[in-house]
Amino acid sequence: IGNRAFQECFALQHLSFASVLNVGVQAFESCTALQSAFMPKAETISEKAFYKCTVLTTVDISSAKQVMDFAFCLDYELTNLNMSAVEVLGNSAFYNTKIVTLDMPKLISCGKETFRKCTALESVSMAKLTALSNYMFGECTALKIVNAPAVETSADGHAFNGCSAIERVSFPAMKVVGNNLFSGAVSLKEIALPIAETVGNNVFARASLTEINLPKAVTLGTYVFDRCEKLTKVQLPLVNTVGNYAFTSCTALETLELPNVLTISLGTFNGCTALKDVSLPVVNNIGKWAFRNCTALTELRLGTTEEITFGDLVFAHLPVQDPQTITPNCDSVSYTHLRAHE
């Protein structure tokens, strides 16, 4: 089927092409009465092939290997989809559709925003996919189940941004956790990342995690646990770099040990109002506002033999909007062991 062959055929309601192998660019674009499409042997669905087919509900492309950019974008009623052979999905290919389940056992490449705003999508299985793309499932507010055992990276980030229903997920092969991966996934309670080494910015912001164990992680980004208000247990045995405001407003966190962290960055524990006991055995630099508004803090254990540098207002108990007129708590100390009390 050639490019634009049936574009804007406004009366077309059903189509069946049992032997078609390729569907051209914009072939059925804006066929606004089209309800079903049956093309079981089609291997390639080109760019915008069914773009803005706004009442299309059922599609059989069970042999399709490639579904290109915007192919079914803005097909608001698309619910029933068979594409079990697909290997490559383009950018925004199914943006804002009503697909409920996805089983893509052969998928190896997926573009940006492919399923963004698919608000009916509940479960996804992708056995071979190794990389998540930017906003791949962004704002899929019904998504609960994700099976992606081969994924190694989400370097672009935002893949599950705003997926507010997702509760549990495991990525056994993921090494790089991209920025904002689960930002806004407010129902997320359990996450398994057994070999993750790099965790980006805002990854778990506002999640409902009660505990986190990242046994191989070395680097944490900024705001990584921002407002994780249920977080009580943290295990980060290898982390040596923590970004600004990493634990800000984790209001249930009471104790924490970071055995390999050298620098506590700007506002790392800002607003952790339940934090009582912190162990930082090798830290040599504590940044500005690091323990700001940590009103329950009674014990800070520092075991380094090196000089420790303190930034401004490390222990200040001030609202954020107050003028910064207080002098620094310390400039530097050279104690082998320091215990600080409120």
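Scroll up for the structure.
Described below are features of the structure shown in this document. (Residues numbered from 1 in each chain as written. Predicted model: local features only at pLDDT ≥ 70, side-chain atom pairs only at ≥ 80, totals over all residues. Heavy atoms only, no water.)

**Side note on the pattern of salt bridges**
- Summed over all chains, the structure comprises 7 salt bridges.
- For R116, the salt bridge goes to E139, with nearest N and O atoms at 2.7 Å. Of this pair, R116 sits in the loop between β10 (109-110) and β11 (123-125) while E139 sits in the loop between β11 and β12 (145-147), placing them 23 residues apart in sequence.
- As a salt-bridge pair, E190 and R168 come within 3.5 Å of each other at their nearest N and O atoms. Note that E190 is positioned in strand β15 (residues 190-192) and R168 in strand β13 (residues 168-170), a separation of 22 residues in sequence.
- When its relative accessible area of 44% is taken as the criterion, E190 is described as partly exposed.
- We classify R168 as partly exposed; its relative accessible area is 43%.
- Residues participating in the shared-partner salt-bridge network are E113, R116 and E139. (Salt bridge = Lys/Arg side-chain N within 4 Å of Asp/Glu carboxyl O. Helix = DSSP H or I, 4+ residues; strand = E, 2+ residues; numbered from the N terminus. Buried < 20%, exposed > 50% of the residue type's maximum accessible area, 1.4 Å probe, protein only.)

**Some remarks on the packing of aromatic side chains**
- Tallying each qualifying case throughout the model produces 19 aromatic pairs.
- Pairing F50 with F72 gives two aromatic rings, centres 4.9 Å apart and planes at 5 degrees, and the pair type is stacked. Note that F50 is positioned in the loop between β4 (44-45) and β5 (58-60) and F72 in the loop between β6 (66-67) and β7 (80-82), a separation of 22 residues in sequence.
- Judged by centre distance (5.2 Å) and plane angle (10 degrees), the ring pair of Y223 and Y245 falls under stacked. (Phe/Tyr/Trp six-rings, centres within 6.5 Å; stacked < 30°, edge-to-face > 60°.)

**Comments concerning the sheet that holds strand β8 (residues 88-89)**
- Read across the sheet, 5 strands follow the order β2-β4-β6-β8-β10 without closing on themselves; strand pairing throughout is parallel. The open sheet terminates on both sides in strands that have one partner only, identified here as β2 (22-23) and β10.
- Relative to β10, β8 runs parallel, the two being bridged by 2 bridges. Paired with V88 across the bridge in β10 is S109. (Pairing = 2+ DSSP bridges.)

**Quick notes on unusual backbone geometry**
- Even without being a glycine, K117 presents a positive backbone phi close to 65 degrees.
- Turning to its location among the elements, K117 is positioned in the loop between β10 and β11.
- Under the relative-accessibility criterion, K117 is labelled partly exposed at 31%.
- Notably, Y245 is not glycine yet its phi reads approximately 55 degrees, a positive angle.
- Here Y245 is to be found in the loop between β20 (241-242) and β21 (255-257).

**Quick notes on the nonpolar core**
- Counting 103 residues, the largest nonpolar core has F50 and F204 as the members making the most contacts within it.
- When residues of this core are traced back to their parent elements, those giving at least two are β23 (277-280), β25 (299-302) and β26 (308-310).
- When neighbours within four sequence positions are excluded, F204 is seen to be in contact with F182, L188, I191, L193, V199, L209, I212, V224, F225, D226 and C228. (Core = buried A, V, L, I, M, F, W, Y, C linked by side-chain atoms within 4.5 Å. Contact = heavy atoms within 4.5 Å.)

**Considering the sheet that holds strand β9 (residues 101-103)**
- What the 3 strands build is an open sheet, ordered β9-β11-β12; its pairing is parallel. Edge positions in the sheet fall to β9 and β12, since each of these pairs with one other strand and no more. Neighbouring strand axes in the sheet, compared pairwise and without regard to direction, differ in orientation by 5 degrees on average.
- Sheet analysis places β11 next to β12, joined by 3 bridges and oriented parallel. Among the inter-strand pairings, S123 is bridged to a residue of β12, identified as I145. (Axes fitted to C-alpha atoms, helices over the stretch in contact; angles between N-to-C directions.)

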